Amino acid sequence: MSSLPYPWIVAAVAVLIAAGAGFAMLNQPAAVPAGESALDAAAVLLRLQSGIAAALETLDGRLSHAASDLGGTGLNDAAARGVLLNLSVTDPAIVDCTVSDAGGTLIAAEPAAYHGVEGADLRDQPNVRHILASKRPIMSEVITVAEGFPAAVISTPVFTNESRFAGFASVVFRPEVLIAGVAGPAINGTPFQVMVVQTDGRVLYDTDPAQVGRMTFEDPLYADYPDLLDAARRVAAGRYGTATYGFAVDGETVEKEIAWTTAGLHGAEWRVAVIREVG
């Protein structure tokens, strides 16, 4: 499992408190102490970061237990399919659960609606090449999976009781569903919006559902907003920080401020951001 180092979190809190202070000075009545708003901004963002990290690690932990069970049952019998099916119902973000052999061929998928992908050769996927070579867990970016839609995949190796590498087990999940379960409660009653993006600019989650799936650096929607693209490049390049940019809302360009941090698993990084209008 992957978690961010404690000193980094301390540094992030300092940056986020500064960002919150910026929100306060630009937008709050004089009677509201700037530090109070700063702490609100920091608290919301850290709640998002920790909640998303915990949700990913929960998926990863359940997958690890399933892989251990598969190591004792074999990869393609009734017991193995039972393990996969039980795993598939543990989280609403999970689409299906699969197991692949040591050559990268997908040999079992559950639930039954996804039996059609069995037999697929997955070796062209970078995450599969990684796990076959390293025998270590990995989380992919959002990719077009064998099932035919965009999703993220967490994979972990399966070893037999004799410690022989037999293949790997995977959960295929929709990040927007996983993140929504954290984001809704985190921002309830606050002025913030939430956005989560990959480092390539793909929007994994946004308070505005129309933004989900967009590629920030390629989508024509953003082409006329150079300061937004500059902010997006800063988000992609840095694990935490703040920026301002303009964007059209209801036909008018408004100024927004974004503060972001990072959540992730097995080396994959998601930028987790809160956004607030400032003018």
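Keep in mind the model is a prediction, meaning the values are calculated, not measured.

Novice: Would you explain the overall build of the chain in this entry?
Specialist: When its secondary structure is counted, the chain shows six helices and 11 strands. Among the 279 residues that make up the chain, the fraction classed as buried is 50%. Put simply, 51% of the contacts in the chain that link residues at least 6 apart link residues at least 24 apart. Carbon and sulfur atoms provide 54% of the accessible area of the chain, an area that totals close to 12,200 Å².

Novice: Help me out: how do you make sense of unusual backbone geometry in this one?
Specialist: Phi is mostly negative for residues that are not glycine, and the peptide bonds are mostly trans. Each neighbour pair has its own omega, and for Glu110 with Pro111 the value is 10°, a cis peptide bond. Within the element layout of this structure, Pro111 appears in the loop between strand S2 (106–110) and helix H4 (126–134). Backbone geometry at Ser163 places phi at a positive 65°, although glycine is not the residue there. Among the secondary structure elements, Ser163 is positioned in the loop between strand S5 (150–159) and strand S6 (165–173). Take Ser163: its relative accessible area is 60%, and that puts it in the exposed class. The phi dihedral of His266 falls on the positive side, at around 50°, and the residue is not glycine. With respect to the helices, strands and loops of the structure, His266 is situated in the loop between strand S10 (252–265) and strand S11 (268–277).

Novice: I would appreciate a short explanation of the sheet that holds strand S8 (residues 203–206) in the present structure.
Specialist: An order of S8-S7-S11-S10-S9 is seen for the five strands of this open sheet, with the pairing classed as antiparallel. On the outer flanks of this sheet lie S8 and strand S9 (241–249), each paired with one strand and no other. Across this sheet, the average inter-strand angle for adjacent strands is 30°, counted without regard to direction. Relative to S11, S10 is paired through 10 bridges, and the arrangement is antiparallel.

Novice: Any chance you could explain the pattern of salt bridges here in plain terms?
Specialist: When the charged atoms of two side chains lie near each other, side chains of opposite charge can form a pair. Considering all chains together, one arrives at six salt bridges under this definition. Ionic pairing is found between Glu110 and Arg81, a salt bridge with its closest N-O pair at 2.8 Å. Of the two residues, Glu110 is situated in strand S2 and Arg81 in helix H3 (residues 78–88); the sequence distance between them amounts to 29 residues. Comparing Glu110 with Arg81, the two get one shared label, buried. Members of the salt-bridge network, linked through shared partners, are Arg81, Glu110 and Glu118.

Novice: What's the story with the confidence of the model for the chain in this structure? I'm lost.
Specialist: Low pLDDT marks stretches whose predicted atomic positions should not be read closely. Per-chain confidence: the chain averages 86 in pLDDT, with 86% of residues scoring 70 or above. Here residues 1–38 scores under 50 on pLDDT; set against residues more than four positions off or in separate chains, the count is 62 contacts.

Novice: Looking at this structure, how should I read the pairing of S9?
Specialist: One face of the sheet, then the other: side chains in a regular strand alternate in exactly this way. Where S9 and S10 come together, nine bridges link them in antiparallel fashion. When the bridges of S10 are listed, Gly246 appears paired with Glu255. Hairpin connection from S9 to S10: two residues lie between these consecutive antiparallel strands, with Asp250 at a positive phi of about 55°.

Novice: How do you make sense of H4 when you look at a structure like this?
Specialist: Note: α-helices contain 3.6 residues per turn, so residues at a spacing of three or four share the same orientation. Burial in H4 covers these residues: Asn127, Val128, Ile131 and Leu132. Seen along its axis, H4 keeps its buried residues to an arc of 130°; they face one direction. More than 90 degrees from the buried face of H4, the exposed residues found are Pro126 and Ala133. Turning to H4, the residues buried within the fold contact strand S1 (94–101), strand S3 (138–139), strand S4 (143–144), S5 and S6. Backbone geometry just downstream of H4 places Lys135 in the positive-phi region, at approximately 60°.

Novice: I'm lost on the side chain of Asp96 in this one. Help?
Specialist: Locating Asp96 in the fold gives a position in strand S1. No salt bridge is formed by the buried Asp96; the nearest opposite charge belongs to Arg174, separated by 8.6 Å. Not counting residues up to four positions away in its chain, the partners in contact with Asp96 are Ala109, Glu110, Pro111, Tyr114, Glu147, Ser170, Val171 and Val172.

Novice: Where do I start with helix H6 (residues 226–237) in this structure?
Specialist: Over its 12 residues, H6 extends 17 Å from the first C-alpha to the last, a length consistent with the 16 Å expected when each residue adds 1.5 Å. Within the span of H6, buried status applies to Leu228, Leu229, Ala231, Ala232, Val235 and Ala236. Buried residues of H6 fall within an arc of 160° about the axis and therefore sit on the same side. The outward face of H6, more than 90 degrees from its buried face, is lined by the exposed residues Pro226 and Ala237.

The rules behind these values
Residues numbered from 1 in each chain as written. Predicted model: local features only at pLDDT ≥ 70, side-chain atom pairs only at ≥ 80, totals over all residues. Heavy atoms only, no water. Helix = DSSP H or I, 4+ residues; strand = E, 2+ residues; numbered from the N terminus. Buried < 20%, exposed > 50% of the residue type's maximum accessible area, 1.4 Å probe, protein only. Contact = heavy atoms within 4.5 Å. Areas by Shrake-Rupley, 256 points an atom, 1.4 Å probe, with all protein chains shown as cover. Pairing = 2+ DSSP bridges. Axes fitted to C-alpha atoms, helices over the stretch in contact; angles between N-to-C directions. Salt bridge = Lys/Arg side-chain N within 4 Å of Asp/Glu carboxyl O. pLDDT = per-residue confidence, 0-100. Arc of directions from axis to C-beta. Lys, Arg positive; Asp, Glu negative; His and termini not counted. Expected span 1.5 Å × (residues − 1).

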